[in-house]
Amino acid sequence: MKEATRQKLTTYSVVSGPFLWTIIFLFIPYMVMFTYSFYLKKFPTFVPAFEFVNYITIVTDPQYFQVLFRTAKIAIIVALSSLLIAYPLSYVLVFKIQSKQLRTALYMAVIVPLWVSYLLRAYTWKTILGSEGVLNSFLVWSGFLDAPTDIFLYNQFSMVVTLTYIFVPFMVMPIYMALEKIPRSMIEASKDLGVGPIRTFLNVTLPLSMPGVIAGATFTICLTFGDFVAAFLVGGPNGAMIATIIQSQFGAALNWPLGAALSIVMLVIVLTIISLSDRLERAGRIDLD
Amino acid sequence: MTNIIEIQNVSKTYPGAIRAVDDLSLNVKEGEFVTFLGPSGCGKTTTLRMIAGFEMPTAGRIYLAGEDVTDLPPYERKVNTVFQDYALFPHMSIRENVGYGLKVAGMPKSEIAPAVEETLSTVGLLDKADARPGNLSGGQKQRVALARALVRKPKVLLLDEPLSALDAKLREAMQVELKHLHQKLGITFVFVTHDQKEALVMSDRVIVMERGNIVQSGTPDELYDHPASPYVADFIGNSNRLYGKVVAADTDQVEVQVGPHKIRSTPGQSRFSVNEDVLVTIRPEKVRILNQGEDPGDCFTLTGKVQDILFHGSSCRVEVEIEPGTLFDVDVQLALALNASNLPASGDDVVLAMNSEIVSVFRLSEDTVR
């Protein structure tokens, strides 16, 4: 066998595994879903067709539009509140904590919850925010409230709290990396040029850490968009997210074609967000070497 | 001339009790080009960073132009730094980098633009004003860093090993350029380097540092010709190191017995006593190989056998065995040697002549090199 042929065969054999995996378990299911989205519902199943009815329903029926809008709103609020927690935390970790061991330990403390079951972490908030929960017990005990209240749970607030808690590591990680990559000399150079700490942060540190912020926002928004467990556990009647609706279309509502169409819409939205963020990041890409 | 920098008994101790700078005092005159020279860990960079304000001294005071700046943050000091890695802002153009300090200070745009352009043309980079740092070569980045520091018209320019990332040719060119820039601008330069050649070429005064303190401070030729310790002799240039015993000592001359040879040293050597063990250092290029039958004149002589001749380009190093097991290096400038056509060959017996003024003698206790 010729050397070139052998090399080619090696390359094919290495690549073919992942390639086949992607085809069979990602591409084909997406295509199936895409096909279903044009089918028609006919109780109790559905019939093959090529109609845009499902998409038209999504656009015209305010119910779906509202859920999409709510999902987007919650995703953005979750991203913002994650940012408000993650940025100061990462900043303190990178710039204010001198001891390397302590810094690594605190960073790990942020990451470690990712190893705990997602369900468990979402469920925790039910026990904290519930009417018999930790928060209520504390407020009653301290005399702030006369009786337990149910305003903390089963609404959009509890969903934002839960989702922020769950996704904050995905915001911390890229911001921490971005801040850590900034050479200390660059911050010193700014101060050396007569610029105080606040303006140094606004003019140098913040712009140089933007790639991390964009990556973190993309993670949290996309993850929130696809979440239905938090909605299910702590969301309540007004907490339905797009993923909740899709799940019910494939389940109780037994309307696979509409569910497929909703999935495709969601996929398009998420892909749009990712490509936008990729473009943003590329435009602001900074060579830190 | 007045002192622009006064450092009084400054110490810097890092957590873990690492004493980077130990009770250092120093004055720098206005307009001087001073270089801190020493190996890594000698405290030179820490001293510079304390002048800039990036490190706070554990003890002692620092004055800039008569004002006590010890407790001032870097952004309130009238000094600017050129960083080793240049530290240019990657998200700003060259023009924005240079104008950054002025803009934040609130200078009107109409004044920033000419100031930036003037400084950029001083360093010869006006045509790159709108480029990003990522698109510049190392030498160009170096010039931008310089322009950015100079545009604020600092009283003192601090340079932290700014040339160490450049290749040898460019580094030599930048050394000359920095020296000219210093002469042209007339502001004080404080330069940090571990490269002794760089220090000798550029500086008005070189401060050799070791373990957080000053070992010797003087003009490049003072340091070279009269090193204060074996450490300085070893760090700057090359030296032959010979161990011997003092056989005669009077007010201004000592005589040291090294094997079968007697070595004389003249100026200010009254501190030694007879029978003391000493270290003698002699620069290899200050020694002459005598022609056959030539009269040494005022010089004293050593005899030996040539072991090897090493070609160094513009010069040749002749290794002479002056006693069994002891090699003595002599550097011969080839231009001179070829004219006289007196380069010896391996195995020749030679007579080495040297003036007693170029010989330095040290107590063994002063020898921190070994």
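Here the focus is helix 2 (residues 53-60) of chain A. Residue and element names in this part refer to chain A. Residues of helix 2 that are buried: Asn54, Tyr55 and Ile58. Down the axis, helix 2 shows its buried residues gathered within 100° of arc, on one side only. In helix 2, those exposed residues whose orientation departs by more than 90 degrees from the buried face are Ile56 and Thr60. On its buried face, helix 2 is in contact with helix 1 (3-36), helix 3 (62-96) and helix 12 (256-283).

Attention now moves to the side chain of A:Thr164. Examined against the element boundaries, A:Thr164 turns out to sit in helix 7 (residues 156-181). Here A:Thr164 is in contact with A:Val78, A:Ser81, A:Ser82 and A:Ile85, once residues within four sequence places are set aside.

Here we take up the interface of chain B and chain A. Facing the 22 residues of chain B at the interface are 23 residues of chain A. For the pair chain B and chain A, the summed buried area comes to about 1,900 Å², and 63% of that belongs to carbon and sulfur atoms. The largest contributions to the chain B side of the interface with chain A come from B:Tyr75, B:His91 and B:Tyr100, which together make up 31% of the buried area. The tally of links between chain B and chain A comes to one salt bridge. Taking the shortest distance from any N to any O, the salt bridge between A:Glu188 and B:Arg49 comes out at 2.6 Å. Where chain B meets chain A, there are 10 residue pairs in polar contact (both at pLDDT 80 or more). Looking at the side of chain B that touches chain A, the elements that each hand over two or more residues are helix 1 (44-52), strand 6 (79-82), helix 2 (94-104) and helix 4 (138-150) of chain B.

Residue and element names in this part refer to chain B. Pairing in this open sheet of six strands is mixed, and the strands run 6-7-8-3-9-10 from one edge to the other. Looking at the sheet topology across the chains shown, the edges are occupied by strand 6 and strand 10 (213-218). Across the sheet, the mean angle from the axis of one strand to that of its neighbour is 20°, orientation sign disregarded. Looking at chain direction, strand 6 and strand 7 (residues 156-160) are connected through four bridges and run parallel. Looking at strand 7, one finds that Thr81 is bridged to Leu158.

The next point concerns the confidence of the model for chain A. Mean pLDDT for chain A: 90, with 98% of residues reaching 70 or above. Ranking the elements of chain A by mean pLDDT puts strand 2 (residues 45-47) of chain A last, at 82, and helix 8 (residues 184-192) of chain A first, at 95.

To continue, consider a nonpolar patch on the surface. Side chains of A:Leu20, A:Trp21, A:Ile24, A:Phe25, A:Phe27, A:Ile28, A:Met31, A:Val32 and A:Phe34 sit close together on the surface and give an oily, nonpolar patch of about 890 Å² of accessible area. By the element assignment, A:Val32 lies in helix 1.

A few words on the pattern of salt bridges. All names here are of chain B. Under the defined criterion, the tally for this structure stands at 21 salt bridges over all chains. Across the pair Glu55 and Lys12 runs a salt bridge, and its minimum N-O distance is 3.9 Å. Separated by 43 residues along the polypeptide, Glu55 in the loop between helix 1 and strand 4 (59-64) and Lys12 in strand 1 (residues 3-14) bring together distant segments of the chain. Residues Glu55 and Lys12 agree in their burial class; the two are buried. With a closest N to O distance of 3.2 Å, Asp71 and Arg61 form a salt bridge. Taken together, the residues Asp71 in the loop between strand 5 (67-68) and strand 6 and Arg61 in strand 4 connect sequence positions 10 residues apart.

This part covers the packing of helix 4 (residues 100-111) of chain A against helix 7 of chain A. Residue and element names in this part refer to chain A. Axis separation between helix 4 and helix 7 bottoms out at 9 Å; the angle between their running directions is 150°. Taken as axis vectors, helix 4 and helix 7 run roughly antiparallel relative to one another. In this structure, helix 4 uses Arg103, Tyr107, Val110 and Ile111 to contact helix 7, whose residues at the interface are Pro169, Val172, Met173, Tyr176, Met177 and Glu180. Tallied by class, the residues present in the contact of helix 4 with helix 7 amount to eight nonpolar, no polar and two charged.

Moving on, we get to the domain arrangement of chain B. Residues and elements named next belong to chain B. Domain boundaries assigned for chain B yield domain 1 (3-234) and domain 2 (238-366). Between domain 1 and domain 2, the C-alpha centre-to-centre distance is 39 Å. Counting residues at the interface gives 10 residues for domain 1, matched by 11 residues for domain 2. Taken together, the connections running from domain 1 to domain 2 amount to one salt bridge. Here Asp225 makes a salt bridge to Lys286, at a shortest N to O gap of 2.7 Å. Its residues placed into classes, the side of domain 1 that touches domain 2 shows six nonpolar, two polar and two charged.

Definitions and cut-offs
- Residues numbered from 1 in each chain as written.
- Chains lettered and ligands numbered in written order.
- Predicted model: local features only at pLDDT ≥ 70, side-chain atom pairs only at ≥ 80, totals over all residues.
- Heavy atoms only, no water.
- Buried < 20%, exposed > 50% of the residue type's maximum accessible area, 1.4 Å probe, protein only.
- Helix = DSSP H or I, 4+ residues; strand = E, 2+ residues; numbered from the N terminus.
- Arc of directions from axis to C-beta.
- Contact = heavy atoms within 4.5 Å.
- Buried area = accessible area lost by both parts, 1.4 Å probe.
- Salt bridge = Lys/Arg side-chain N within 4 Å of Asp/Glu carboxyl O.
- Polar contact = N/O pair within 3.5 Å; in protein donor to acceptor, adjacent residues only side chain to side chain.
- Pairing = 2+ DSSP bridges.
- Axes fitted to C-alpha atoms, helices over the stretch in contact; angles between N-to-C directions.
- pLDDT = per-residue confidence, 0-100.
- Patch = residues over 30% accessible without salt bridge, like charges linked within 9 Å, V, L, I, M, F, W, Y side chains within 5 Å.
- Areas by Shrake-Rupley, 256 points an atom, 1.4 Å probe, with all protein chains shown as cover.
- Parallel < 35°, antiparallel > 145°, perpendicular 65-115°, else oblique.
- Nonpolar A, V, L, I, M, F, W, Y, C, P; charged D, E, K, R; others polar.
- Domains from an automatic or database assignment.

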